[in-house]
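So you can see what is in the structure, the chains are spelled out below.
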Amino acid sequence: MFLSPKKHILSNTIFAAAILRLVELGSSGIIRLLVRMGLLQSHFNVDDLAAYRFQNGISIFILILTATVFMYSLKKVNTYVSVIPSEDRKDMAQLQEEAFGENNSALTAEVIRKLLRIWFSILVGAQLMYDISSSLYTYFLGVLSLAVDNGSVDSSVRYAFIYNLTHGFKYQGMLVALLLGIIVTAIFLDDKVLKIIAYIIAVLFLISSTSIGMASVAVMGDTIGIVWSSVIFHVMDTVGLAVLAMYMRMRYHGV
């Protein structure tokens, strides 16, 4: 059977997850800025540890909200599907195709349910693994920073080089999961555009991780390094997901 063409459960759920990721990214950035400026000095130690702990708390909270959004959407689909007995769903789908034709939903309710489970595994399961590995990577950088003589220019340059070179590994697993989600969705939708975009993003990420050095920007008297692999990942993880959701909503009925 098909869902109503006006119900965009999958795209709405992915869009909500993207907004939550954007809120997480923005909140973490604000906290880091406040800690760097010393505005949290009366309550916390003014160092990266305060920002690190808050980021972990925000990540856990956003992960719980994302899981809740997906569970709610899955419950909605299950409710719609349960109205029709399992033995009658195939016949119902044929009747809907005959009655509505091109105005019918682009995917069956069962396929939408499977895609919701796939994206749930990515945006909750893989995200949890990413958060854990990200914490370990932060710990690694802390140990590396202690091992580097910050007073030496050569040591600082080497540290920046190692930081930029290894940063891609931090995002690699999660990015692969996101790209696989896009490709699987494209396969169900028979959408070549999504496949090509996924391949382009993969190539850009590889190039940024292996061939492009850090850029530096002066902000409020501090020099901040920009890692391009990080930029590509976070754009993909937030704006990219939102654009994907809007693209599916506008191009396909009921997805």
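Keep in mind the model is a prediction, meaning the values are calculated, not measured.

Engineer: Quick question: what am I supposed to make of the overall build of the protein here?
Structural biologist: Check the secondary structure of the protein and you find seven helices and two strands. Listing every helix and strand of the protein by position from the N terminus yields α-α-α-α-α-α-β-β-α. A buried classification covers 39% of the 255 residues belonging to the protein. Here the contacts in the protein between residues at least 6 apart in sequence split such that 78% fall between residues at least 24 apart.

Engineer: Would you take a moment to explain empty space enclosed by the protein for this structure?
Structural biologist: The full count for this structure, using the stated rule, is one cavity of 30 Å³ or more. Within this model, the largest cavity holds a volume of roughly 40 Å³. Around the largest cavity, the lining residues are Arg-21, Glu-24, Ser-59, Ile-62, Leu-63, Thr-66, Leu-123, Gln-127 and Asp-131. Broken down by secondary-structure element, the contributors of at least two residues to the lining of the largest cavity are helix 1 (9-37), helix 2 (48-82) and helix 4 (109-147). Here the element with the most residues in the lining of the largest cavity is helix 2; it accounts for four residues. Here the lining of the largest cavity is built from residues that sort into three nonpolar, three polar and three charged.

Engineer: Sorry, what's going on with the pattern of salt bridges here?
Structural biologist: Side chains that differ in charge, positive against negative, can pair when their charged atoms come close. Under the counting rule described, the total for this entry stands at four salt bridges. Between Glu-24 and Arg-21 there is a salt bridge, with the nearest N and O atoms lying 2.3 Å from each other. Highlighted residues: Glu-24 and Arg-21, both in helix 1, separated by three residues, approximately one helical turn. Arg-21 carries the same exposure label as Glu-24, and that label is buried. When salt bridges with common partners are traced through the structure, they connect Arg-21, Glu-24 and Asp-237 into a single cluster.

Engineer: Before we go on, may I ask you to explain the layout of surface pockets in this structure?
Structural biologist: Here the idea is plain: a probe the size of a water molecule rolls over the atoms and shows the empty space left. Taken as a whole, the second largest pocket spans an internal volume of roughly 150 Å³. Only helix 6 (192-210) and helix 7 (228-251) provide two or more residues apiece to the lining of the second largest pocket. Residue classes in the lining of the second largest pocket are distributed as eight nonpolar, one polar and no charged.

Engineer: I keep staring at the confidence of the model for the protein and nothing clicks. Help me out?
Structural biologist: Detailed reading of the predicted model is not advised wherever pLDDT is low. For the protein, the mean per-residue pLDDT works out to 80, and 73% of the residues sit at or above 70. Confidence drops under a pLDDT of 50 for residues 41-47, and excluding neighbours within four residues, the segment shows seven contacts in the predicted structure.

Engineer: When you look at the packing of helix 6 against helix 7 in this model, what are you seeing that I'm missing?
Structural biologist: Pairs of packed helices are described in terms of their axes, by the angle between the two and the distance that separates them. It is at 11 Å that the axes of helix 6 and helix 7 come closest, and there the two elements cross at 175°. In terms of orientation, helix 6 and helix 7 fall into the roughly antiparallel class. Facing helix 6, whose interface residues are Val-193, Leu-194, Ile-201, Leu-204, Phe-205, Ser-208 and Ser-209, helix 7 presents Trp-228, Ser-229, Ile-232, Met-236, Leu-244, Tyr-247 and Arg-251. Its residues assigned to classes, the contact of helix 6 with helix 7 shows ten nonpolar, three polar and one charged.

Engineer: Hey, could you run me through the nonpolar core in this one?
Structural biologist: Where a protein is soluble and globular, its nonpolar side chains tend to be buried together. Formed by 43 residues in total, the largest nonpolar core has its most connected members in Leu-10, Trp-119, Leu-123 and Leu-178. Of all the secondary-structure elements, those providing two or more residues to this core are helix 1, helix 2, helix 4, helix 5 (153-189), helix 6 and helix 7. Apart from residues no more than four positions distant in its own chain, Leu-10 is found in contact with Ile-112, Leu-115, Leu-116, Trp-119, Met-248 and Val-255.

Engineer: Could you clarify how one ought to interpret the side chain of Asp-131 in this entry?
Structural biologist: Take Asp-131: it is sitting in helix 4. We note that Asp-131 is buried and unpaired, the nearest opposite charge coming from Arg-21 at a distance of 5.7 Å. Setting aside anything within four residues of it in sequence, one finds Asp-131 in contact with Ser-59 and Leu-63.

Engineer: What is the right way to read the packing of helix 4 against helix 7 from this model?
Structural biologist: For the pair helix 4 and helix 7, interaxial distance at closest approach is 15 Å and the crossing angle is 165°. When the axes of helix 4 and helix 7 are compared, the pair comes out roughly antiparallel. Here helix 4 and helix 7 pass one another in a crossing that is left-handed. Here helix 4 contributes Trp-119, Leu-123, Gln-127 and Tyr-130 to the contact with helix 7, which in turn contributes Phe-233, His-234, Asp-237, Leu-241 and Leu-244. Of the residues in the contact of helix 4 with helix 7, the class split is six nonpolar, two polar and one charged.

Parameters and conventions
Residues numbered from 1 in each chain as written. Predicted model: local features only at pLDDT ≥ 70, side-chain atom pairs only at ≥ 80, totals over all residues. Heavy atoms only, no water. Helix = DSSP H or I, 4+ residues; strand = E, 2+ residues; numbered from the N terminus. Buried < 20%, exposed > 50% of the residue type's maximum accessible area, 1.4 Å probe, protein only. Contact = heavy atoms within 4.5 Å. 1 Å grid on protein atoms, 1.4 Å probe; cavity = no way out; pocket = protein on both sides within 12 Å on 5 of 7 lines; lining within 4 Å. Points joined across faces, edges and corners; volume = space filled by probe spheres on them. Nonpolar A, V, L, I, M, F, W, Y, C, P; charged D, E, K, R; others polar. Salt bridge = Lys/Arg side-chain N within 4 Å of Asp/Glu carboxyl O. pLDDT = per-residue confidence, 0-100. Axes fitted to C-alpha atoms, helices over the stretch in contact; angles between N-to-C directions. Parallel < 35°, antiparallel > 145°, perpendicular 65-115°, else oblique. Core = buried A, V, L, I, M, F, W, Y, C linked by side-chain atoms within 4.5 Å. Lys, Arg positive; Asp, Glu negative; His and termini not counted. Left-handed = near helix turned anticlockwise from the far one by under 90°.

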